[in-house]
Amino acid sequence: MKTEIIISYLFHPVLFSTVGTLLFFSIQPKYLPKAFEHKIITVVFLSTYVIPVIFLFLLKKKKSIESYHLKTINERKFPIVFFFIITLLLGFRLLQLHVIDLLAYSFLAGALSLSIIFALLFLKIKTSLHTVSIGSLTGFIMVISYHFKIQLLVLLMLSFILFGIIATARLKLKAHNLQEVLLGFVIGLLSQFFIYGLFLYL
């Protein structure tokens, strides 16, 4: 049980945006100044990790949530809307830069995922945010691979293995059932494909 808790915190959803950004800059062809890359990474880290952690801390202190994993459907509604707004604004801001569109698409896809998760709450479906996050990262790796014509099979294999580890941990903790962890992964994965395809079409 202790191992599963460590895994859940180690691979908490708020970490994945920064991980995805770091991967993007390490994989993409090197044509941007390092100072620019560092600035974007810092902005992403502050927006998607520091601010959400402070926000969740304040909610927990006010006893609006029981834990940082947002166990109940009611606990999830306000934080998901908050995360959606941050992710959407960040996606559009990155898109305005016109040089890292692929990264911007990934954040817009993240916002789409969060909107679907929020809608499912009203159907009493509590999708796993952990598996949504690893699903989004997996989809983003696939998009990067396709867009830049780069072989990223090892990374993809690692992301699927990580999905298995995270999903198993969430199931063992009884935080979610099998449907919820699989649904989360599929939502995260397909949202990346949909947004990339949409902007490609437009």
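Owing to the predicted nature of the structure, the values given are computational and were not obtained by experimental measurement.

### Examining the pattern of salt bridges
- Enumeration according to the criterion identifies two salt bridges in this entry.
- We note a salt bridge from glutamate 4 to lysine 172, for which the minimum N-O separation is 4.0 Å. Residue glutamate 4 is located in helix H1 (residues 2-10), and its partner lysine 172 is located in helix H7 (residues 153-172); the two are separated by 168 residues in the primary sequence.
- Here glutamate 37 makes a salt bridge to lysine 34, at a shortest N to O gap of 3.5 Å.

### Topic: the nonpolar core
- Membership of the largest hydrophobic core comes to 37 residues, with the highest contact counts inside it found for Phe24, Phe25, Leu94, Ile100, Leu102, Leu103 and Ile134.
- When residues of this core are traced back to their parent elements, those giving at least two are helix H2 (16-27), helix H3 (34-61), helix H4 (73-95), helix H5 (101-121), helix H6 (129-148), H7 and helix H8 (178-201).
- In terms of residue count, H5 provides more of this core than any other element does, seven residues in total.
- In terms of nonpolar packing, the next biggest core, distinct from the first, is built from 13 residues, Leu59, Ile73, Ile80 and Leu129 among them.

### Focus: the packing of aromatic side chains
- Summed over the entire model, instances satisfying the criterion amount to 13 aromatic pairs.
- The interplanar angle of 65 degrees and the centroid separation of 5.3 Å between the aromatic rings of phenylalanine 24 and phenylalanine 25 together place this pair among those described as edge-to-face. One exposure class covers both phenylalanine 24 and phenylalanine 25, and it is buried.
- When the centroid spacing of 6.1 Å and the interplanar angle of 25 degrees are considered together, the rings of phenylalanine 24 and phenylalanine 140 count as stacked. In this pair, phenylalanine 24 sits in helix H2 while phenylalanine 140 sits in helix H6, placing the two residues 116 residues apart along the sequence.
- For phenylalanine 140, a relative accessible area of 4% corresponds to the buried category.
- Taken together through their ring pairs, the aromatic side chains of Phe55, Phe78, Phe82 and Phe83 make up a single cluster.
- It is lysine 149 that lies over the ring of tyrosine 146; its NZ or CZ is 4.7 Å from the centre.

### Comments concerning H3
- End to end, H3 covers 39 Å across 28 residues, agreeing with the expected 40 Å (1.5 Å per residue, within 8%).
- A maximum bend of about 35 degrees is found in H3 at leucine 46.
- Residues of H3 that are buried include every one of Glu37, Ile40, Ile41, Val44, Ser47, Thr48, Pro52, Phe55, Leu56 and Leu59, and no others.
- Close packing links the buried residues of H3 with H2, H4 and H5.
- A positive phi of about 65 degrees marks lysine 63, the residue just after H3.

### Quick look at the packing of H5 against H6
- Running from amino to carboxyl end, H5 crosses H6 at an angle of 150 degrees, the nearest separation of the two axes being 10 Å. Relative to H6, the element H5 is oriented roughly antiparallel. Note that H5 runs across H6; the crossing there is right-handed. Between H5 and H6, the residues in contact are Leu102, Leu103, Ser106, Ser113, Leu114 and Ile117 and Leu129, Val132, Ser136, Phe140, Val143, Ile144, His147 and Phe148, respectively.
- Its residues placed into classes, the contact of H5 with H6 shows ten nonpolar, four polar and no charged.

What counts and how
- Residues numbered from 1 in each chain as written.
- Predicted model: local features only at pLDDT ≥ 70, side-chain atom pairs only at ≥ 80, totals over all residues.
- Heavy atoms only, no water.
- Salt bridge = Lys/Arg side-chain N within 4 Å of Asp/Glu carboxyl O.
- Helix = DSSP H or I, 4+ residues; strand = E, 2+ residues; numbered from the N terminus.
- Core = buried A, V, L, I, M, F, W, Y, C linked by side-chain atoms within 4.5 Å.
- Buried < 20%, exposed > 50% of the residue type's maximum accessible area, 1.4 Å probe, protein only.
- Phe/Tyr/Trp six-rings, centres within 6.5 Å; stacked < 30°, edge-to-face > 60°.
- Lys NZ or Arg CZ within 6 Å of the ring centre and 35° of its normal.
- Expected span 1.5 Å × (residues − 1).
- Bend = angle between axes of the 7 residues up to and from the residue.
- Contact = heavy atoms within 4.5 Å.
- Axes fitted to C-alpha atoms, helices over the stretch in contact; angles between N-to-C directions.
- Parallel < 35°, antiparallel > 145°, perpendicular 65-115°, else oblique.
- Left-handed = near helix turned anticlockwise from the far one by under 90°.
- Nonpolar A, V, L, I, M, F, W, Y, C, P; charged D, E, K, R; others polar.

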